Amino acid sequence: MWLYFLSACAGGVAVLYVLYSWLIPAAVQYSGWWALLWHDVVVERTLDVLTGSTRPQRLLSAVQKNATRGDAQSVISAIDHFCRHKEWAMNVGDEKGPILDGVVSEANPGSALELGTYCGYSTVRIARLLPPGALLITLEFNPAYAAVARQVIAWAGLQDKVRLVEGPSGDLIPQMKELFGVQTFDFVFLDHWKDRYLPDAKLLEECGLLRKGSVLLADNVICPGTPEYLEYVRNSPRYESRYFRSHLEYTRAEDGLEKSVFLG
């Protein structure tokens, strides 16, 4: 009787393990919303309870364990490996990352703004490509994310090129000239709350922080999606826009980046 009970328990655990580790992750690969629900709700909350830590803290531990201090590329690789093989996280990722790299390299910005730091992955990608003397200002609303991001940026050896500011983007954007003496931004990466893309783009315009030729690059414009922002930049005579089709980070669900050049 006990042997049967133990065998049934072991079989049940094995089934749950296969479902959790293989079948469900594979099933949600092609659906952005199911992937977000599974990874951002079920898995993250389960691991938070089981480990007594948070996803950003676990990501930071992976960087400290596997990346070489002062080597930005090794930090990027460590995070991508963690997100591919250990635990998904909403960075721009290893497929859209090269698109971001290409746009940054082409813009060659002396001043750059990132809206939404999260754990610092895209911050590192951008900052490592900046020319000498250039500055990246990155805004993060969540203090816990900002605390992890500062350590990730420092581990990559890029703290001198980055200024991380905590607070709401709507409050901070109007203070950019006063706080940092920035007149305009050559490059802006939008990767924060999706409902803030359009109001913050308009706020950048109103505050005179965009010049003719400034480049805005917006992530996750398909999943979770930013329809109002896309409608605006694709139809406004003030922008020339191009869509880069790709996939939601670390999945096969469609997503993409929208590059919009400000025409003045």
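As the structure is a prediction and not an experimental result, all values here were calculated from the model.

1. Here's the deal with the pairing of strand 1 (residues 111-115)
Among the five residues in strand 1, five count as buried, and that is most of the element. Neither face of strand 1 is left uncovered, since the one carrying Ser-111, Leu-113 and Leu-115 and the one carrying Ala-112 and Glu-114 both have all their residues buried. Pairing geometry for strand 1 and strand 2 (residues 135-140), over five bridges, is parallel. Bridge pairing in strand 2 links Leu-115 to Leu-139. The pairing of strand 1 with strand 4 (residues 185-190) spans four bridges and is parallel. Across the sheet, the residue bridging to Ala-112 is Phe-187, located in strand 4.

2. Some words on a nonpolar patch on the surface
Taken together, Trp-34, Leu-37, Val-41 and Val-42 make up a surface patch of nonpolar side chains, about 350 Å² in accessible area. Classification of Leu-37 by relative accessible area gives partly exposed; the value is 39%.

3. Section: helix 5 (residues 93-107)
An ideal rise of 1.5 Å per residue puts 21 Å on 15 residues; helix 5 measures up with 20 Å between its terminal C-alpha atoms. Listed as buried for helix 5 are Gly-93, Lys-96, Gly-97, Ile-99, Leu-100, Asp-101, Val-103 and Val-104. Packed against the buried residues of helix 5 are helix 4 (72-85), helix 6 (121-127), strand 4, strand 5 (210-218), strand 6 (239-247) and strand 7 (254-262).

4. Brief notes about the pattern of salt bridges
Per the stated rule, a full pass over the model turns up 20 salt bridges. The salt bridge involving Arg-238 is made with Glu-205; its shortest N-O contact spans 3.1 Å. In this pair, Arg-238 is assigned in the loop between helix 12 (227-235) and strand 6 and Glu-205 in helix 10 (residues 197-206), connecting sequence segments 33 residues apart. Where salt bridges share partners, they join Asp-40, Glu-44, Asp-48, Arg-55, Arg-58 and Glu-87 into one cluster.

What counts, and at which threshold
- Residues numbered from 1 in each chain as written.
- Predicted model: local features only at pLDDT ≥ 70, side-chain atom pairs only at ≥ 80, totals over all residues.
- Heavy atoms only, no water.
- Buried < 20%, exposed > 50% of the residue type's maximum accessible area, 1.4 Å probe, protein only.
- Helix = DSSP H or I, 4+ residues; strand = E, 2+ residues; numbered from the N terminus.
- Pairing = 2+ DSSP bridges.
- Patch = residues over 30% accessible without salt bridge, like charges linked within 9 Å, V, L, I, M, F, W, Y side chains within 5 Å.
- Areas by Shrake-Rupley, 256 points an atom, 1.4 Å probe, with all protein chains shown as cover.
- Salt bridge = Lys/Arg side-chain N within 4 Å of Asp/Glu carboxyl O.
- Expected span 1.5 Å × (residues − 1).
- Contact = heavy atoms within 4.5 Å.

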